[in-house]
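# Examining the three-dimensional arrangement
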Amino acid sequence: MDQHERHNEVPRDGEESAVAPGGIVVGVDGSEHGQCALVWAAREAERRQLPLHIVTAYSVPIFAASGLDGGYATVDDSVIREGADAIVKQALDKVSAYSIDVDASVENGDAAGVLLDLSAEAALLVFGSRGRGGFVGRLLGSVSSALPAHAKCPTVTVPLYCADRLGESTEDKHIKAEHAKAGPRTVENVVAVGVDGSEQARVAVLEAAEQAQRMGAKLRVICAVPQYSGSLAWVPAPLDRDALFADIKVQLDAGLAWLQSHFPRLTIETELRDGAPVDVLVETSRAVELVVLGTRGRGGFAGMLLGSTSDGVLHHAKGPVLVVPDREDPRLADRPNFGPMLGAA
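For the structure given in this document, a descriptive report is provided here. Starting from 1, residues in each chain are numbered consecutively following that chain's sequence as written. Only residues with pLDDT of at least 70 are given local features in this predicted model, and only at 80 or more are side-chain atom pairs given and counted; all residues enter the totals for whole chains, interfaces and linings. To get the side-chain values, take all heavy atoms of the structure and skip hydrogens and water.

### Things to note about the pattern of salt bridges
Side chains that differ in charge, positive against negative, can pair when their charged atoms come close. Under the convention used in this document: Put simply, a salt bridge is a Lys or Arg side-chain nitrogen that is within 4 Å of an Asp or Glu carboxyl oxygen. Numbering of helices and strands runs from the N terminus; a helix is a DSSP stretch of H or I covering at least four residues, while a strand is a stretch of E covering at least two. Partly exposed describes any residue whose relative accessible area lies between the buried limit of under 20% and the exposed limit of over 50%, with all areas from a 1.4 Å probe on protein chains only and scaled to the type maximum.
Inspection of the entire model under this criterion finds 21 salt bridges. We note a salt bridge from E44 to R214, for which the minimum N-O separation is 3.8 Å. Here R214 lies in helix α6 (residues 199-215) and E44 lies in helix α1 (residues 32-48), a separation of 170 residues in the sequence. The exposure class of E44 is buried, given its relative accessible area of 0%. Linking R81 and D85 is a salt bridge whose minimum nitrogen-to-oxygen distance equals 3.1 Å. A residue pair is termed a helical-turn pair when its members lie 3 or 4 positions apart in one helix, as R81 and D85 do in helix α2 (residues 77-94) at four residues. With respect to burial, R81 and D85 carry one shared label: buried. What you see here is one network of salt bridges that share partners, running through E44, R47, R48, E207, R214 and R327.

Have a look at this one:
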């Protein structure tokens, strides 16, 4: 078999779509955001030596007619279908140079629902931060908000802001203006992961360590401590932040020892930051290859890191963000053996 498995006959609606279990699924819709997601997904498929499945989804709109004889009218889907076919064929052409097996499908249905279904069999789900809207649309708009919280596998959201680091260009005037304002920047070969003491964060740390190994990158474990949170707002006297930071540092060091025991050859560092988790992680995303989060966290003084914070990071990140769903991991069992745990009672 040729190393580039090209399925140019895109499956028609109702036909079985051959999504290889354990492969990488990427959603495209013809937008610049989708192109960035496609390039990132192809690189990751090559890095992991996994098959890549390209998918676009559309639904036929129904319009309510006005007048006394009002009813409902549907749009002929042939033109929409042809446009969707063109999008996936263009995507297949774009990734033809990568040493991966790749196929594609056009699905009729709500994009979020389609991708959520595919996540049950995928190793990774990749999409842009938002898309073009319209008939083929919704794929990368509200989808990018809905999927990380509900997908059955890890998801990666790729913002248009990082098009340049992927070798892509953009005509988005807001992105161009932001790049001009920010000036030259260097992207470190670092995977950064946010922690807050929750079990979900520890699962995310393990995934981040595996990803850092795949990328040949350094792992940076970040804990951000905001000035106040709702649980501490009633405290009448100023909090002794020096003592608080010293205590957290002890727990971070214990977590580092645990993580290093499972990844002895990985370079790992911890970073304790003073500031709101969203702000810290969004700023970090400008200068690292990948930011990793869990789906939700514990809240409290270490910051609601993975609930509302993950949503905030996803909306404002300047680089790819990997969100790891809750799951069991046997490596969590020996964490207490390495010392105090961040956020433990």
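Having seen it, we continue.
### Topic: the side chain of R202
Counted only if it meets this: Distance and chemistry together define a polar contact, namely a pair of N or O atoms within 3.5 Å, with one atom able to donate a hydrogen and the other to accept it when in protein, and with adjacent residues in sequence counting only for side-chain atoms on both sides. The contact criterion used throughout is that any non-hydrogen atoms of two residues lie within 4.5 Å.
Inspection of the secondary structure puts R202 in helix α6. A distance of 3.3 Å separates a polar atom in the side chain of R202 from the backbone oxygen of G197. Excluding anything up to four places from it in sequence, R202 contacts G197, W258, L332, R335, M341 and L342.

### As for α2
Condition: Multiplying 1.5 Å by the helix residue count minus one yields the expected span of that helix. Arc, as used here, means the arc of the directions from the helix axis to the C-beta atoms.
The end-to-end C-alpha distance of α2, which contains 18 residues, comes to 26 Å, matching closely the 26 Å that a straight helix rising 1.5 Å per residue would cover. For α2, the set of buried residues is I80, R81, A84, D85, I87, V88, A91 and L92. Buried residues of α2, seen end-on, are gathered within an arc of 155° and therefore sit on one face of the element. Exposed residues on α2 whose side chains face more than 90 degrees from its buried face are V79, E82 and D93. In this structure, the buried side of α2 is in contact with α1, β2 (52-58) and β5 (102-108).

### What about the pairing of strand β11 (residues 288-294)?
Heads up, the rule is: At least two bridges found by DSSP between two strands is the condition for calling them paired.
With respect to burial, β11 is a largely interior element, six of its seven residues being buried. In the sheet, strand β8 (residues 188-194) pairs with β11 via four bridges, with the strands oriented parallel. Within β11, the residue paired with A192 across the bridge is V291. As paired elements, β11 and strand β12 (residues 321-324) share four bridges and run parallel to each other. Residue L293 lies in a different strand from β12, and its bridge partner there is V323.

### Thoughts on the packing of α1 against α6
Here is the rule: To obtain an axis, a line is fitted to C-alpha atoms, over the contacting stretch when the element is a helix, and the angle between two such axes runs from 0 to 180 degrees between their N-to-C directions. Relative orientations are named as follows: roughly parallel for angles under 35 degrees, roughly antiparallel for angles over 145 degrees, roughly perpendicular for angles from 65 to 115 degrees, and oblique for any other angle. All amino acids are sorted into three groups, where Ala, Val, Leu, Ile, Met, Phe, Trp, Tyr, Cys and Pro are nonpolar, Asp, Glu, Lys and Arg are charged, and the leftover types, Gly among them, are polar.
It is at 10 Å that the axes of α1 and α6 come closest, and there the two elements cross at 85°. Between α1 and α6, the interaxial angle falls into the category roughly perpendicular. Contacts between α1 and α6 involve E44, R47 and R48 from the first element and E207, Q211, R214 and M215 from the second. Grouping the amino acids of the contact of α1 with α6 by side-chain chemistry returns one nonpolar, one polar and five charged.

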